[in-house]
Amino acid sequence: MPQASETPLWVGDTVDASQLSVPESPLVTNAREVRAALHEATRVLRADWLHHYGEELERPATRVQREWGSVRGEPRTRPELDAEASIAHGLARVRELSEQWEQLLADPEAARALAAASTARAWALRRAIALVRTVDGAGNEDRVDALVRHAARRSRSLTRAEQETIAASDGCTSAGGASIGYAPQATQASQAAQPTPEPDAVLDAVLQIRIRQARRELEAGLVLNPQMRELIAAATPAVLTGAPILLIGETGGAKTALAEHLAGLGGTTHEFVSGYGDITGAQIIGAHELRASGDATVTEFAPGPLLRAMQRGVPIILDEINAMPPEFLKRLNRILQLRPGARFAVQEQPGLTVEIASGFVVLATANEYAPHRYRGIEPLSAELVNRFGSGTFRVHYPDSGADISDVPAENLLLAAAVVSAPDGSLPQGLGIAELTPLARAAFISQQVFVGNPDAALERYRGTEREFDDEPGLAETVIAPRTLAAVLQGVMLQGGATALTGALERFTAGVMHAADRAVLRLILVGQGLLT
């Protein structure tokens, strides 16, 4: 019988159905934990080894002895000592776990149980992959997006055939796609012969696939929840044809990350300008600078990020546009009307005219206008907003529109993605059960912050406030960005045991006293603080 570690992911069509109904024994549970810990320890050790020694892990015991034996009393820096201590700990842990795993496989009864469990897991993964593909429209979204992007890059309308394909894809997706089955599609006779995995195992596998996908998206900059996918699909044609985009929403809602994702649609780099600070319109467009030329000092015109983007044909992100200087926003009115191929006369350098290269587009973000909440911002003029036309999108917090009593699935998926391993597995003590209260607390704070009138939130609006007509949270919210930052800190500080301390420090650091009281009330209500 093959060892469990050698069982393939895609098993054959003829499998003993009794293998799939074997309850997971304590032995199998322990083996699963040992193997997961071994994979994690090996992955971390290889990464530490490569970073410290600059080469792949090879004969680790010999290498460590050689490296340490060559020191001969030479002083070591603290980072070097820390790295070597971490590698030594990793080596010992990998050896220990490897021995445990070999002992498990050496027991015939254990080997049979592990092989059966591995086969059941393989069938569950196969079913889960088929289910995920069906729910996602069997890849139709990618094909539809490709058609739209291709037409937009050529500044042409979709053909009738392309429109029919998109319409058919929408119908398939809304109807749930084809019937759920194994991939490739089997005949009725073969389906009848195929056993059905345990439902819980399939759901666990689907969850792990989703978390792994979300982790990869988060590493790329943006978790693509349904709202984000819809916004990207709607904005893509405009971005690829050079029509400006304005993203409006509350703080920490991933507006900037969404803008960066859109800027990457053309496969190029982009220019970035932040609206805060003492930035001037001249710095954004271009200005004259003093430079040394031999023994003399001369002035030369240096293009700013806006002109560079025009000349290079790349997007420019204007982050927090309603905090930018009014004199620049006046100029921006005209710029937003320009498209690739147009010419822009540079007032800062008389006689200079820039022809806008293909690929240039303005992607702007703006916080909701609330003077007491966001310092230093001004309301955008109707004239400016009108320049964006249908390219104006409101970015809501995750789970927007969900019932307060529902599980906040999008906040929960983000939390899981932050703490998960590359394979989508969650650490001990920070599984779905532990992350759900935190995701719910974040969701409640977001809904209180935006002023959701739901009666279930009334007790979070009852504290004394400086502004009677404002929501219960005036300045602070557990936004997606904040949720991710808290959990990243937790993982750096030791995992689940650090969560309470991290939340205590977070609430203690809130400057607004009423916000601090409301946030503590929310966290206590979810059992996260006492």
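Reading the values: rules and limits
- Residues numbered from 1 in each chain as written.
- Predicted model: local features only at pLDDT ≥ 70, side-chain atom pairs only at ≥ 80, totals over all residues.
- Heavy atoms only, no water.
- Axes fitted to C-alpha atoms, helices over the stretch in contact; angles between N-to-C directions.
- Helix = DSSP H or I, 4+ residues; strand = E, 2+ residues; numbered from the N terminus.
- Parallel < 35°, antiparallel > 145°, perpendicular 65-115°, else oblique.
- Left-handed = near helix turned anticlockwise from the far one by under 90°.
- Contact = heavy atoms within 4.5 Å.
- Nonpolar A, V, L, I, M, F, W, Y, C, P; charged D, E, K, R; others polar.
- Buried < 20%, exposed > 50% of the residue type's maximum accessible area, 1.4 Å probe, protein only.
- Polar contact = N/O pair within 3.5 Å; in protein donor to acceptor, adjacent residues only side chain to side chain.
- Pairing = 2+ DSSP bridges.
- Salt bridge = Lys/Arg side-chain N within 4 Å of Asp/Glu carboxyl O.
- Core = buried A, V, L, I, M, F, W, Y, C linked by side-chain atoms within 4.5 Å.
- pLDDT = per-residue confidence, 0-100.
- Expected span 1.5 Å × (residues − 1).
- Arc of directions from axis to C-beta.

It is at 8 Å that the axes of helix H15 (residues 409-419) and helix H16 (residues 432-450) come closest, and there the two elements cross at 130°. The orientation of H15 with respect to H16, classified from their angle, is oblique. Crossing of H15 over H16 shows right-handed handedness. Where H15 approaches H16, its residues Asn411, Leu412, Ala415, Ala416 and Val419 are matched on the opposing element by Ile432, Leu435, Thr436, Ala439, Ala442, Phe443 and Gln446. Along the lines of polarity and charge, the residues of the contact of H15 with H16 split into nine nonpolar, three polar and no charged.

With respect to the helices and strands, the residue tyrosine 397 is situated in the loop between strand S9 (392-395) and H15. In this structure tyrosine 397 comes out as buried when scored by relative accessible area, which is 5%. In this structure, the C-alpha to C-alpha distance between tyrosine 397 and lysine 255, residues 142 residues apart in sequence, is 10.0 Å. Residues within four places of tyrosine 397 in sequence aside, it is in contact with Gln227, Glu250, Thr251, Gly252, Gly253, Gln446, Phe449, Val450, Val477, Ala479 and Pro480. In terms of polar contacts, tyrosine 397 uses its side chain to reach the backbone carbonyl oxygen of threonine 251, at 2.6 Å.

Here we come to the sheet that holds strand S5 (residues 315-319). What the five strands build is an open sheet, ordered S2-S5-S8-S1-S9; its pairing is parallel. The strands lining the two open edges of the sheet, one partner per strand, are strand S2 (271-274) and S9. Here the average twist between neighbouring strands, direction ignored, is 15°. Direction of pairing for strand S1 (residues 245-249) relative to strand S8 (residues 361-367): parallel, over a ladder of five bridges. Opposite glycine 249, over in S8, you have asparagine 367 as the bridge partner. Against the sheet, helix H10 (residues 255-263) contacts S1, S2, S5, S8 and S9, and its axis sits at roughly 170° relative to S8.

Here the structure, examined in full by the defined rule, presents ten salt bridges. We note a salt bridge from arginine 394 to glutamate 368, for which the minimum N-O separation is 2.3 Å. Taken together, the residues span a long stretch of sequence, with arginine 394 in strand S9 and glutamate 368 in the loop between S8 and helix H14 (382-388) at a distance of 26 residues. For arginine 394, a relative accessible area of 43% translates into the label partly exposed. Classification of glutamate 368 as partly exposed rests on a relative accessible area of 21%.

A large share of S5 lies buried, amounting to five of its five residues. Side-chain alternation along S5 places Pro315, Ile317 and Asp319 on one buried face and Ile316 and Leu318 on a second face that is also buried. For S5 and S8, the ladder comprises four bridges, and the chain directions are parallel. Bridge pairing links proline 315 to valine 361 in S8.

What follows covers the nonpolar core. Leu435, Leu483, Leu487, Leu499 and Leu503 are the most contacted members of the largest nonpolar core, which totals 45 residues. Of all elements in the fold, only helix H8 (199-220), H15, H16, helix H17 (480-492), helix H18 (499-508) and helix H19 (513-525) reach the threshold of two or more residues within this core. The element contributing the most residues to this core is H16, with nine residues. If near-sequence neighbours (up to four positions away) are discounted, leucine 499 is found in contact with Leu430, Leu438, Leu487, Val490 and Leu528.

The share of residues in the chain with pLDDT of 70 or more is 73%, and the mean pLDDT across the chain is 78. Per-residue pLDDT stays below 50 along residues 1-23; that stretch engages in 40 contacts with residues further than four places along the chain or on separate chains. Here residues 171-195 is modelled with pLDDT under 50, and outside its nearest four sequence neighbours on either side it reaches 32 contacts, counting other chains as well.

Next up on the list: H19. With 13 residues, H19 extends 18 Å between its outermost C-alpha atoms, agreeing within 8% with the 18 Å of an ideal straight helix rising 1.5 Å per residue. When H19 is considered as a whole, its buried residues turn out to be Ala514, Asp515, Val518, Leu519, Ile522 and Leu523. Looking straight down H19, one finds its buried side chains confined to an arc of 165°; they lie on one side. Looking at the buried positions of H19, the neighbouring elements they touch are H16 and H18.

Regular strands have side chains that alternate between both faces of the sheet. Here strand S3 (residues 286-293) pairs with strand S4 (residues 296-303) via eight bridges, running antiparallel. In the sheet register, alanine 287 faces S4, and the bridge partner there is alanine 302. In this antiparallel pair of consecutive strands, S3 and S4, the connection spans two residues, and glycine 294 shows a positive phi of 70°.

Another point: the packing of H15 against H17. Relative orientation of the contacting elements H15 and H17 amounts to 30°, with a least axis distance of 9 Å. Judged on the interaxial angle alone, H17 and H15 are roughly parallel. When the axes of H15 and H17 are compared, the crossing they make is right-handed. Facing Asn411, Leu414, Ala415, Val418 and Val419 of H15, the residues of H17 in contact are Pro480, Leu483, Ala484, Leu487, Gln488 and Met491. For the contact of H15 with H17, the per-class residue count stands at nine nonpolar, two polar and no charged.

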